[in-house]
Amino acid sequence: MQLTRLIYVSNHSGIEDTSLEAILEKSIINNKIDNITGLLICSGEDFIQLIEGGRTVVAKCFMRIMQDERHRDIRIVFSKPVDSRLFPEWNMQNVSASQIRNEPLSKYWINGLFEPDEMSHKDIEELFIFLSGDIKKI
């Protein structure tokens, strides 16, 4: 199996907690079946998500996301082969962007806001790498 990491950004224009919970519950079920792991960061307007797994199942997962009306203006940040997972224990986990608004993460905030569209690909990957090591401190 070729382990693949895909990171994408989408807009949700203000999702309700119940809709977010429904996304997470369904994602956990599907991802366990497909051996996909990852992390979803939700801000007031945007999602940024990292998913990891076999290349084919990650592609199928992303196709489901593209068909989900709660995701709009979906943009792939990158997709690439990797040697190991950043979040091996989580079929899916959610972190609110407001939970990561502290040092040293302030460098990922632009004009006081979490704006994934304004972040470089390098910064986005660094953010997920940082979160993979420090998620319990959030």
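For the structure, check the block above.
Keep in mind that what you see is a predicted model, and the values were worked out from it rather than measured.

*Asks:* Sorry, what's going on with the packing of aromatic side chains here?
*Replies:* Note on aromatic pairs: each is described by the distance of the centres and the angle between the planes. Under the criterion given, the structure shown has 2 aromatic pairs. Considering the side-chain rings of F87 and W90, the 5.6 Å spacing of their centres and the 5° angle between planes classify their relative orientation as stacked. Given a relative accessible area of 22%, W90 falls into the partly exposed group. For K80, the ring lying beneath its charged end belongs to F78, and the centroid distance is 5.0 Å.

*Asks:* What is the right way to read helix α2 (residues 55–67) from this model?
*Replies:* For the α-helix, the turn length of 3.6 residues means that residues three or four positions removed from each other point alike. Over its 13 residues, α2 extends 19 Å from the first C-alpha to the last, a length consistent with the 18 Å expected when each residue adds 1.5 Å. Taken together, the buried positions of α2 are occupied by V58, C61, F62 and I65. Projection of α2 onto a plane perpendicular to its axis shows the buried side chains occupying an angular sector of 100°, all on one side. Seen from the buried face of α2, the exposed residues on the opposite side, beyond 90 degrees, are T56, K60 and Q67. Looking at the buried residues of α2, the elements they touch are β1 (3–11), α1 (17–34), β3 (46–54) and β4 (72–81).

Rules behind the numbers
Residues numbered from 1 in each chain as written. Predicted model: local features only at pLDDT ≥ 70, side-chain atom pairs only at ≥ 80, totals over all residues. Heavy atoms only, no water. Phe/Tyr/Trp six-rings, centres within 6.5 Å; stacked < 30°, edge-to-face > 60°. Buried < 20%, exposed > 50% of the residue type's maximum accessible area, 1.4 Å probe, protein only. Lys NZ or Arg CZ within 6 Å of the ring centre and 35° of its normal. Helix = DSSP H or I, 4+ residues; strand = E, 2+ residues; numbered from the N terminus. Expected span 1.5 Å × (residues − 1). Arc of directions from axis to C-beta. Contact = heavy atoms within 4.5 Å.

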